[in-house]
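Descriptive structure summary
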Amino acid sequence: MAENKTVGGGSLLIAWQLKGKKVLIVGGGEVGAQRIDSLLTTDAHIDLVSPSAGLHPRSKGFLEKYPSRITHIDQEFAFIDGRQTTTAFIDVGTYDMVLTALDDNALSRQIVEVCRAIRVPVNAADIPELCDFYFGGQVRDGPLQIMISTNGNGPRIAALIKDRVKNALTGKEGDALTKVGILRTKLKERAPGVGGDVGRRRMRWMSKLCEQWSLEDFALLNEEAMDQLLDEGWEHNAVPLPVQVVGKRKIGGILEAITTDWVRSLPSFTSFLAGIGFAHIVFRLYQARK
Ligand SMILES: C[C@@]1(CC(=O)O)C2=NC(=C\c3[nH]c(c(CCC(=O)O)c3CC(=O)O)Cc3[nH]c(c(CC(=O)O)c3CCC(=O)O)/C=C3\N/C(=C\2)[C@@H](CCC(=O)O)[C@]3(C)CC(=O)O)/[C@H]1CCC(=O)O
Ligand SMILES: NC(=O)c1ccc[n+]([C@@H]2O[C@H](COP(=O)([O-])OP(=O)(O)OC[C@H]3O[C@@H](n4cnc5c(N)ncnc54)[C@H](O)[C@@H]3O)[C@@H](O)[C@H]2O)c1
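Bear in mind that the values here come from a model prediction, so they are computed numbers and not experimental data.

For the rest of this paragraph, the subject is the site of ligand 2. Every one of the 18 residues lining ligand 2 counts as a neighbour, but Val31, Gly54, Phe77, Leu102 and Asp126 are closest to it. Contacts to ligand 2 include Ser50, whose side-chain N or O atom sits 3.3 Å from an oxygen atom. Here Asp126 contributes a side-chain N or O atom positioned 3.0 Å from a nitrogen atom of ligand 2. Contact with the protein chains covers 68% of the free accessible surface of ligand 2, which is 830 Å². Looking at the shell around ligand 2 residue by residue, the class counts come to eight nonpolar, six polar and four charged.

Structure below.
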């Protein structure tokens with residue numbers, strides 16, 4: 001891969017925290033349903049303005065399944081001479097984010113203008129110049145979230161790269177990350193505080209552990225094993241071998257932990273055998289020449 005020389009022209013990649021915040025979606029068609037799907041993951045509250053007659057079956061399904069998380073405002077958004085004439089006035093300024101998913105570009109543009117005037121971040125599906133931020137391809141596994149963005153250059157290519165990324169994962173990442181999250185919470189309870197000496201020691205220990213343990217090792221952790229890891233590791237400023245912690249839990253655990261360690265040492269063992277073989281051949285050739 002070429003060295004990243006980009007010093008401009010990109011966009012900021014962030015994991016936007018929307019828990020407990022309010023998002024307005026205008027249009028509940030196919031794209032609207034995709035937006036609802038993406039937002040449900042964030043624990044935001046969604047207001048959906050869209051007439052019932054035009055709802056996509058997926059949007060209807062979400063409304064039925066999550067009535068406390070999505071409020072359906074069954075009406076058309078409308079403007080006359082730049083003034084909102086929607087039956088029940090929608091105060092765009094009360095939202096943390098606004099998304100339009102409409103088959104009407106002029107209406108999207110009007111909504112975007114209102115949002116921009118009061119600096120509410122807005123995305124108009126498939127109209128790049130009207131977007132303060134773009135959506136991207138998403139790969140998710142528990143707490144792991146990967147966004148693939150081509151910055152508007154090729155959405156279809158983003159979807160294809162997404163498949164490559166999915167194929168490159170083992171399927172254990174989400175589980176391992178969930179366990180690491182719980183372990184870090186437990187560690188912070190034992191060694192509380194932000195920054196300072198404790199913070200630095202905590203970070204060093206966690207980094208070492210993450211480098212020395214595999215994702216599969218972390219996935220095997222249960223709460224009891226986490227406490228043991230903190231007792232024997234953190235409290236003694238050491239990083240125990242996975243087999244010492246997860247291996248003691250259950251026979252399956254031992255086997256799996258030993259197997260992963262054994263598989264990891266396979267390349268060096270193979271080189272060792274190859275070395276012996278090579279030395280043997282050299283010795284034989286030497287003897288034959290004599
Ligand atoms: C990531 C994804 C998420 C999502 O929308 O949720 C997404 N588009 C997806 C698919 C997709 N969209 C389109 C096709 C048809 C094939 C093609 O044109 O390639 C396909 C392919 C397909 O369906 O497989 C049509 C299209 N899209 C935009 C335009 C307008 C233009 O480019 O001018 C046109 C052309 C309309 C026309 O030509 O008339 C614009 C945008 N679409 C974006 C996001 C933002 C940029 C993201 C980025 O570049 O990374 C941006 C800028 C704004 C935004 O909407 O946020 C999702 C793919 C990932 C996934 O599958 O997971
Ligand atoms: N669906 C796709 O895969 C796709 C792909 C590429 C581009 N797009 C573009 O994305 C946009 C949305 O696509 P879609 O497939 O979701 O369209 P759609 O026609 O399925 O949905 C539009 C929704 O907006 C609602 N709506 C219409 N007027 C409204 C108003 N005044 N107030 C509130 N709601 C209103 C409709 O009832 C409907 O629910 C379009 O511009 C489309 O060209 C969609």
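Now that the structure is up, let's keep going.
How large an interface is tends to be reported as the accessible area lost when its parts come together. One can read the domain layout of the protein as domain 1 (22-135), domain 2 (136-169) and domain 3 (175-263). A straight line from the C-alpha centre of domain 1 to that of domain 2 covers 24 Å. At the interface, four residues of domain 1 touch six residues of domain 2. Where domain 1 abuts domain 2, roughly 400 Å² becomes buried across the two surfaces, and 51% of that area is made up of carbon and sulfur atoms. Ranking the residues of domain 1 by area buried against domain 2 places Thr41, Tyr134 and Phe135 at the top, with a combined share of 81%.

This part covers the sheet that holds strand 2 (residues 45-49). Within a sheet, adjacent strands bond to each other through the backbone by hydrogen bonds, running parallel or antiparallel. The strand order across the open sheet formed by five strands is 3-2-1-6-7, and the pairing between neighbours is parallel. Because the sheet does not close on itself, it has two edges, and the strands there are strand 3 (70-73) and strand 7 (122-124). Neighbour to neighbour, the strand axes of the sheet diverge by 15° on average, direction disregarded. Relative to strand 7, strand 6 (residues 97-100) runs parallel, the two sharing three bridges. Looking at the pairing, Val98 lines up with Val122 of strand 7. Packed on one face of the sheet, helix 3 (residues 105-117) meets strand 1 (22-26), strand 6 and strand 7 and runs near 170° to strand 7.

Turning next to the side chain of Thr100. Mapped onto the elements, Thr100 comes out in strand 6. Residues contacting Thr100, with those up to four places away along its chain left out, are Val26, Ser108, Ile111, Asn123, Ala124 and Ala125.

A few words now on the packing of helix 5 (residues 173-190) against helix 6 (residues 196-212). Axis separation between helix 5 and helix 6 bottoms out at 12 Å; the angle between their running directions is 155°. As the angle between them shows, helix 5 and helix 6 are arranged roughly antiparallel. The handedness of the crossing between helix 5 and helix 6 comes out as right-handed. Taken together, the residues of helix 6 that come into contact with helix 5 (itself represented by Val180, Leu183, Arg184, Leu187 and Lys188) are Arg202, Trp205, Met206 and Leu209. Broken down by class, the residue content of the contact of helix 5 with helix 6 amounts to six nonpolar, no polar and three charged.

Moving on, we get to the environment of Arg69. Turning to its location among the elements, Arg69 is positioned in the loop between helix 2 (57-65) and strand 3. C-alpha separation for the pair Arg69 and Ala44, spaced 25 residues apart in sequence, amounts to 7.7 Å. There is a polar contact of 2.6 Å between the side chain of Arg69 and the backbone oxygen of Leu40. A polar contact of 3.3 Å, which involves the side chain of Arg69, links it to the side chain of Asp43.

Moving on, we get to the site of ligand 1. What surrounds ligand 1 is a group of 19 residues, the closest being Arg35, Thr150, Gly152, Arg156 and Lys162. Taking Asn123, its side chain carries an N or O atom lying 3.0 Å from an oxygen atom of ligand 1. Separating an oxygen atom of ligand 1 from a side-chain N or O atom of Arg156 is a distance of 2.8 Å. Protein chains shield 64% of the accessible area of ligand 1, which is 1100 Å² for the free molecule. The set of elements that each furnish at least two residues to the shell around ligand 1 consists of helix 1 (30-40) and helix 4 (155-168). No other element matches helix 4, which puts four residues into the shell around ligand 1. When grouped by side-chain class, the residues that make up the shell around ligand 1 number six nonpolar, nine polar and four charged. Of the residues that make up the shell around ligand 1, three or more belong to each of domain 1 (22-135) and domain 2 (136-169).

Scoring rules and cut-offs
Residues numbered from 1 in each chain as written. Chains lettered and ligands numbered in written order. Predicted model: local features only at pLDDT ≥ 70, side-chain atom pairs only at ≥ 80, totals over all residues. Heavy atoms only, no water. Near = heavy atom within 4 Å. Polar contact = N/O pair within 3.5 Å; in protein donor to acceptor, adjacent residues only side chain to side chain. Areas by Shrake-Rupley, 256 points an atom, 1.4 Å probe, with all protein chains shown as cover. Nonpolar A, V, L, I, M, F, W, Y, C, P; charged D, E, K, R; others polar. Domains from an automatic or database assignment. Contact = heavy atoms within 4.5 Å. Buried area = accessible area lost by both parts, 1.4 Å probe. Pairing = 2+ DSSP bridges. Helix = DSSP H or I, 4+ residues; strand = E, 2+ residues; numbered from the N terminus. Axes fitted to C-alpha atoms, helices over the stretch in contact; angles between N-to-C directions. Parallel < 35°, antiparallel > 145°, perpendicular 65-115°, else oblique. Left-handed = near helix turned anticlockwise from the far one by under 90°.

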